[in-house]
Amino acid sequence: MAHDNRYVDKDYKVVGSRYTRPDGIDKVTGKARYGADASAPGGLVGRVLRSPHPHAKILKIDTAKAEKLQGVKAIITCTDLPDLTNGDQGMAHILENCMARGRALYDGHAVAAVAAVDEQIAAKALKLIDVKYKKLPHVTDVDDAMRPDAPVLHENMFTRGVEPTPTAPSNISARTQMGYGDVDAGFAEADVIVERSYKTEQTHQGYIEPHACLASVNPDGTAELWVTTQGHFSFRNVCATLLGLDMAKLKVTSSEIGGGFGGKTHVWAEPVALALSRKANRPVKLVMSREEVFRASGPTSSTSIDIKMGAKKDGTITAAVAEMRYQGGAFPGTWAMLGCMTAFACYDIRNNRSIGWDVVVNRPKVAAYRAPSAPMAAFAVESTIDVIAKEIGQSPIDVRLKNVAREGTQAPYGPTYGPIGIENTLEAVKSHPHMRAKLKKNQGRGVACGFWFNIGGQTCVDLNIGVDGTVNLNVGTVDVGGARSSMAMIAAEELGIAYDDVKVSIGDTASLGHNDTTEGSRGTFSSGMATIFAARDAIGVLKQRAASMWGIPLEDVEWQGGQAIATGDMHSNLPALTLKEIAAKAGRTGGPIAGHNEIVADGAGMGFASHICDVEVDPETGRSQVVRYTVVQDAGKAINPDYVEGQFQGAAAQGIGWALNEEYIYGDDGRLQNAGFLDYRIPVCSDMPFIDTQILEVPNPNHPYGIRGVGETSIVPPLGAVGNAIADATGVRMTHAPMSPPRVLSALDARDAG
Amino acid sequence: MQGMQVSFSSMIRVGDGPETIHVRASSIDELMHALLLRYPDLQGHIDRGVAVSINGQIFRDDWTVTIPEDAEVYLIPRIDGG
Amino acid sequence: MSKATLVSTFVNGDAVQFACPTEESLMTALRDRVGLTGVKEGCGTGDCGACSVTLDGQLVCSCLVLGVEADGREVETVEGMAQQGQLHPLQEQFIEHAALQCGICTPGFLVAAKALLERNPNPDETEIRYALAGNLCRCTGYDKIVRAVQAAAKQMRSRR
């Protein structure tokens, strides 16, 4: 049945309230099972041997001694993972990233793996594997990697997007350029022109649960995988391809996930665990240590960005140019291109140009982290806008409002915006009480904006009505933060029944059609849409059953408030039939009653936010403490405000950590120096104030409830908001994130010296 | 099948082709066919991931979607998220 | 493998015996020998608090305690907080205040918050934040966690 996805304004009975989540009890009692909480009879412990060198040829891997160790059941190297990628370069890179093929490309790159009867024997076996490396020169900095004398990682990398195509290989995988208008004319019109360069260091999503899986492969080509993941269908497809299994025969069950934020959208340990299980003929449990997570999963890019911006005295930004360099780790990615798409997206700048350079370095393969590439670009752009505001003597909010993007504005990457909420968020910030709160000594205030596209994607949902009228809803998008409650609310809203009568489960790959990964802020948006349509399908069936129970034509039946109503004067004596009553008779009226939906959810609405940040900077230590923080974001429609607020607050906290403390530190030896939570410092409870939130609702015209994804946008503004607040507090403009105490102190000293 | 203006977001420029071209198509599928006939190099971009913006609404997957008359059509990179 | 040592201990009030190698942590022993997977390994080095338990009433990171050290002592984990089907006020308030998103850090926070409230039934916001600074959360930004602890403290004080 085709369904209309257009927004319809309505009064909601269930949606919009704060219901408690259905999986809460399991999570507060320790019952909920995550990736490392499963075990299987005869299960083995898997461990991975990793390169200690950032760049090396692997001359030989001798596993003989390790194989003789009592209790070792399988050892694998790349020869146990033959290349079945069939010319698909993306897949080939994933394969090589999971297990080195003749060369180690970063400190931590997997070179071999063992499966043994226990942890101690597995660890001992790793030590007995003898690997002969030939060290090669390495490069870990994005700017260094672009120099003509830099060590080259891939001999077949010839920069795309450059005319003419280079004849010598380099570490630059691609150049992209976008924008419109005439920037030279724009700069000529400007009264002030500001040029600044920025650097942001590499960060990690920092999920508290390390990667973990339990793999079990049978000799007949069937297999099972229990895994912590944001996308069990995607994992199934990739693992099946890499291991040469039929997709339908690899059943992947997603465990509860202890945080992902984009870092669990790709496979690292899983193909290795499956290959070990296949060789050992026993289940293998592979859990990454925290050190391995830092060294060898998928952190963000580090970047180097130049901004040039020109404005008139009245605040109009007449031209803006961004040149951005992003490293994708050891394999090519499109991170700089993404940065180009987002850099000026909040604003209507008639002459704009963004140039992006995607670069490879000897670091782990970069993966997405909540609004990937946007926070770094926003740090540079939002900081520069404040510098412009100061030069022309206008308030930072007013300059942003003067140039704000609206419905009808052309996005920097081409298309025209539909209805968007950035202006609403800025107006809300302008009139927010936070802006009028008094600042104390050494305190400053900063404002910044952010944006993320949000996506929809392939989604599949099953809704089954039990004979007692309670409902099972099986969805295929992993619940990363509490969306289960929103799905139950949506089903209850559509069917007209109580929230408590709906039970949501996350189906495994054998029980539903393909569902895209929970990323791009698509979970509630797409599963919500599919749930609405599945419920409407089920209502169609319920009406048919009611019609047949009454013996009246279907067109005389309506569904209202959880009941079938017979319309028309002829049937006015017929009492309404509740869902429970119809369900009780299902067996005799045609069998089980269900609704089902497979869609490609499109029409995702963009998410915009504006943040306000107050910091207090200690002039003796350079330490910045966030003392007050406010998030204003457009959610389209907040299904469960508790969980929408939670996304705003969590994303903002991650952005604050990125702004103030978090960074990967590589030594001259190319090795990661701070692969642990002690020295990779994420915000702790005492670092943070309460985070105020304001949810705006500018309905997304392409979703029946107007939902816009909310998960990612609020990680984008904090770097700029914090930088602007520090500038306000100290007069110093920080251009290197994180703005950690040593950097701020050094900038304060420079200010005081001259 | 109506004619339409199709613009290439500058990341998806094909050779020396113009930024905006005129094409006849009524769905994304037909549009892609028509573009590939004229610019075989577009296949590389499609393999790396393209999306189609129709009047500001971005379609990443469903090529059966119909394109209304006089729509603003842009080819842009396919974005994921985190 | 080094020879296993027999450990006799009390876990959540129940007498429990298990055998573990000397070098095995209490965290691993609780998860793999006793079967209580509410204790989570977030880092294995005492930096994240996801493995928090109390040992004779003292809050510890069980990844920094040896399994054999539990011999003759009392261990309390998140699994022991609910009594006879009744959730502890902290557990109730965490659900009520949406103080969890992915939930992986929740057991550790509950154990740490319980230890705090037993020492100090009326902590102010700063005292709560510093007492919980040893527990990392990446999802919530800590806002709703602190509110849930405040609400639970109030609820527990009113019951006295």
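Residues numbered from 1 in each chain as written. Chains lettered and ligands numbered in written order. Predicted model: local features only at pLDDT ≥ 70, side-chain atom pairs only at ≥ 80, totals over all residues. Heavy atoms only, no water.

Novice: Lay out the overall build of chain C in plain terms, naming residues and giving numbers.
Specialist: Helices and strands together make up the secondary structure of chain C, namely five helices and five strands. On C-alpha atoms alone, chain C measures out to a radius of gyration of 16 Å, which is about the 15 Å that the 2.2 N^0.38 rule sets for 160 residues. Along the first, second and third principal axes, the C-alpha set of chain C runs to 50 × 30 × 25 Å. When the 160 residues of chain C are sorted by exposure, 56% land in the buried category. (Helix = DSSP H or I, 4+ residues; strand = E, 2+ residues; numbered from the N terminus. Rg over C-alpha atoms; globule rule 2.2 N^0.38 Å. Buried < 20%, exposed > 50% of the residue type's maximum accessible area, 1.4 Å probe, protein only.)

Novice: Help me get a handle on the overall build of chain A, residues and values and all.
Specialist: Within chain A, the secondary structure is distributed over 20 helices and 27 strands. Computed over the C-alpha atoms, the radius of gyration of chain A is 28 Å, within 12% of the 27 Å expected from 2.2 N^0.38 for a compact globule of 754 residues. Oriented by its inertia axes, the alpha-carbon framework of chain A measures out at about 90 × 75 × 50 Å. Out of the 754 residues in chain A, the part that is buried amounts to 64%. Intrachain contacts of chain A at a sequence separation of at least 6 include 79% that bridge at least 24 residues. Per element, the accessible surface of chain A, about 25,800 Å² overall, is 49% carbon and sulfur. Distance between charge centres in chain A, computed from 74 positive and 85 negative side chains, equals 5 Å. (Contact = heavy atoms within 4.5 Å. Areas by Shrake-Rupley, 256 points an atom, 1.4 Å probe, with all protein chains shown as cover. Lys, Arg positive; Asp, Glu negative; His and termini not counted. Charge placed at Lys NZ, Arg CZ, Asp CG, Glu CD.)

Novice: An account of the domain arrangement of chain A is needed here, citing residue identities and associated values.
Specialist: Residues and elements named next belong to chain A. Split by domain assignment, chain A resolves into domain 1 (24-32 + 456-601) and domain 2 (35-136 + 213-296). Put simply, the middle of domain 1 and the middle of domain 2, counted by C-alpha atoms, are 39 Å apart. Both sides of the domain 1 and domain 2 interface together cover about 1,400 Å² of buried area, and 56% of this is carbon and sulfur. Among the residues of domain 1 in contact with domain 2, V478, T509 and T517 are the three that bury the most area, contributing 40% of the side total. Linking domain 1 with domain 2 are three salt bridges, by the criterion used here. Salt-bridge contacts for K251 lead to D508; the nearest nitrogen and oxygen are separated by 3.8 Å. Linking domain 1 to domain 2 there are five residue pairs in polar contact (both at pLDDT 80 or more). The residue makeup of the side of domain 1 that touches domain 2, split by class, is six nonpolar, eight polar and five charged. (Domains from an automatic or database assignment. Buried area = accessible area lost by both parts, 1.4 Å probe. Salt bridge = Lys/Arg side-chain N within 4 Å of Asp/Glu carboxyl O. Polar contact = N/O pair within 3.5 Å; in protein donor to acceptor, adjacent residues only side chain to side chain. Nonpolar A, V, L, I, M, F, W, Y, C, P; charged D, E, K, R; others polar.)

Novice: Before we move on, could you go through the arrangement of the chains and cite the residues and values that matter?
Specialist: Contacts are most numerous, across the two pairs of chains in contact, for chains A and C. A minimum C-alpha distance of 14 Å separates chain B and chain C, which share no contact.

Novice: Let's hear about the sheet that holds strand β2 (residues 56-62) of chain A: which residues, and what values?
Specialist: Strands sit in the order β4-β2-β6 (chain A) across an open sheet of three strands; the sheet is antiparallel. The open sheet terminates on both sides in strands that have one partner only, identified here as β4 (103-104) and β6 (130-135) of chain A. (Pairing = 2+ DSSP bridges.)

Novice: Now, about the interface of chain A and chain C: what can you tell me, with residues and values included?
Specialist: Listed as interface residues are 52 residues of chain A and, on the opposing side, 45 residues of chain C. Carbon and sulfur atoms make up 59% of the area that chain A and chain C hide from each other, which totals about 4,000 Å². Remark: the boundary between chain A and chain C carries four salt bridges. Between K40 of chain C and D37 of chain A there is a salt bridge, with the nearest N and O atoms lying 2.6 Å from each other. Linking chain A to chain C there are 22 residue pairs in polar contact (both at pLDDT 80 or more). Mapped onto the side of chain A that touches chain C, the elements with two or more residues apiece are α1 (24-28) and α18 (641-660) of chain A. In terms of residue count, α18 of chain A provides more of the side of chain A that touches chain C than any other element does, nine residues in total. A breakdown of the residues in the side of chain A that touches chain C according to their chemical character gives 25 nonpolar, 18 polar and nine charged.

Novice: Help me get a handle on unusual backbone geometry, residues and values and all.
Specialist: The step from E163 of chain A to P164 of chain A runs through a cis peptide bond, and the omega angle for that step is -10°. Locating P164 of chain A in the fold gives a position in the loop between α5 (142-146) and β7 (172-180). For the peptide bond that leads from A737 of chain A to P738 of chain A, omega is 5°, which places it in the cis range. In this structure, N442 of chain A is a non-glycine residue whose phi angle is positive, near 65°. Its location among the elements puts N442 of chain A in the loop between α13 (422-430) and β16 (443-452). Judged by its relative accessible area of 30%, N442 of chain A is partly exposed. Despite not being glycine, N55 of chain B shows a phi value in the positive range, around 50°. The exposure class assigned to N55 of chain B is partly exposed, which follows from its relative accessible area of 45%.

Novice: Which residues make up the interface of chain A and chain B, and what values do they have?
Specialist: Contact residues are listed per partner, giving 35 residues for chain A and 21 residues for chain B. Roughly 2,000 Å² of surface becomes buried between chain A and chain B when both sides are summed, with 58% attributable to carbon and sulfur atoms. It is P415, I455 and D602 of chain A that lose the most area in chain A upon contact with chain B, and together they represent 23% of the buried surface on that side. Seen at the junction of chain A and chain B, the total is zero salt bridges. Where chain A touches chain B, the interface holds five residue pairs in polar contact (both at pLDDT 80 or more). Secondary-structure elements contributing two or more residues to the side of chain A that touches chain B are β7, α10 (335-342) and β17 (457-465) of chain A. Per element, the largest residue contribution to the side of chain A that touches chain B is four residues, and it comes from β7 of chain A.

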